[in-house]
Amino acid sequence: MGRKRDNILRKFFIFELENNTNICKICQRALKGNYITNLKRHMLDMHKKLYESEIREQENSELSEKKKKISVTFTTNEVKDACVQLVTIEKMPFAVLDSEAFKKLTSQIFSGLEMSPITSRNIMEHVAEKFEIVKTSIINAMKRRLISLKLDIASRHSRGILGVNAQFYEHEAIKIVTLGIIELNKKHTGANLSAEIENILQEFGLMKNQIYSVTSDNGRNIIKSIELMNEEADDSCDDVEYELVHQLNFFDKLMVLQKMTSYHQQLGSSLLQAMRSQMKTMK
């Protein structure tokens, strides 16, 4: 710090080598010799406020954060996934992607990866792309497996939401996935609900003979929808049917049933949480 303060002092003087004299730029007083202590004494005696102000400015400048060049490694997909996660899992509004703070943080990343900036106008393209990847993963995971469904309905401001969760046994553990949070645009009759549920099953490549159990409340419309689904049984794909029965025997039917039942409460909780989040967006 001493050398830096010496430099501050020198700013206020002109040194004349031939006369061995320092001339004060402020008051033009000549100080014999080139001793820093004499310069400092002069500044403290004659120009103290100006000198102290200059020292404070120097200290503040040193405290301010210096820019550093850093090196980070990202792939284009990692950046896309992070942005999708912001507006889905983290539930951030799309407007965040247009904010100056987000642009400042990401502009060099987008430039370095030579990719178009992600904004509120194009984020849904990336969400849809990610959805298809996740959906394909779920379809492959549920293929030729017994499935337990959880159904529930929530209503607000004359609008209804049907939530559909599925759980299945994979790698000696219960896996829970959400198949749909669907806004109901028709009356909540058993027939309409049955059609919506069947659409979900078809979308995820599920056959009715894969449905091991269905958990719901005692709503008459939900119960009726399940009854309607039971009226039409899949009598095709006998090889799949045989494999599902073999699957039960392999894991021990009683053990699987007990584990699936114990997870119904957890399944209902996760579905209800997702539905509540969806309902909050309704006005």
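Let me sum up the structure you'll find in this document. Since the structure is predicted, the reported quantities are computational estimates derived from the model, not experimental observations.

Moving on, we get to the sheet that holds strand β6 (residues 173-184). Judged by pairing direction, the sheet is mixed, and its 4 strands sit side by side in the order β6-β5-β4-β7 without closing on themselves. For this open sheet the edge positions go to β6 and β7 (211-215), each flanked by a neighbour on one side alone. Across the sheet, the mean angle separating the axes of adjacent strands is 20° when strand polarity is ignored. In terms of strand pairing, strand β4 (residues 147-156) meets strand β5 (residues 159-170) through 9 bridges, oriented antiparallel. From the neighbouring strand, Lys-150 faces β5, where its bridge partner is Asn-165. Against the sheet, helix α6 (residues 123-142) makes contact with β4, β5 and β6, and its axis sits at roughly 130° relative to β6, the strand it touches most.

Take His-42: it is sitting in helix α2 (residues 36-46). According to the relative accessible area criterion, His-42 is buried, its value standing at 5%. Residues contacting His-42, with those up to four places away along its chain left out, are Phe-13, Cys-24, Cys-27, Arg-29, Leu-31 and His-47.

Attention shifts here to the sheet that holds strand β3 (residues 30-32). The strand order β1-β2-β3 describes an open sheet built from 3 strands, whose pairing is antiparallel. Bordering the open sheet on either side are β1 (13-16) and β3, each of which pairs with just one other strand. Adjacent strand axes in the sheet meet at a mean angle of 25° when their direction is disregarded. Here strand β2 (residues 21-24) pairs with β3 via 3 bridges, running antiparallel. Along β3, the bridge assignment pairs Ile-23 with Ala-30.

Turning our attention to the nonpolar core. By size, the foremost hydrophobic cluster in this structure holds 24 residues, and its most contacted members are Met-142, Ile-147, Leu-149 and Leu-179. Broken down by secondary-structure element, the contributors of at least two residues to this core are α6, β4, β5, β6, α7 (190-203) and α8 (220-231). Apart from residues no more than four positions distant in its own chain, Leu-179 is found in contact with Ile-138, Met-142, Leu-149, Val-164, Asn-165, Ala-166, Ile-200, Phe-204 and Leu-206. Formed by 11 residues, the second largest nonpolar core is a distinct cluster that contains Cys-83, Leu-97, Phe-102 and Ile-118.

The rules behind the values
Residues numbered from 1 in each chain as written. Predicted model: local features only at pLDDT ≥ 70, side-chain atom pairs only at ≥ 80, totals over all residues. Heavy atoms only, no water. Pairing = 2+ DSSP bridges. Helix = DSSP H or I, 4+ residues; strand = E, 2+ residues; numbered from the N terminus. Axes fitted to C-alpha atoms, helices over the stretch in contact; angles between N-to-C directions. Contact = heavy atoms within 4.5 Å. Buried < 20%, exposed > 50% of the residue type's maximum accessible area, 1.4 Å probe, protein only. Core = buried A, V, L, I, M, F, W, Y, C linked by side-chain atoms within 4.5 Å.

Remember, this is a structural readout, not a statement about activity or role.
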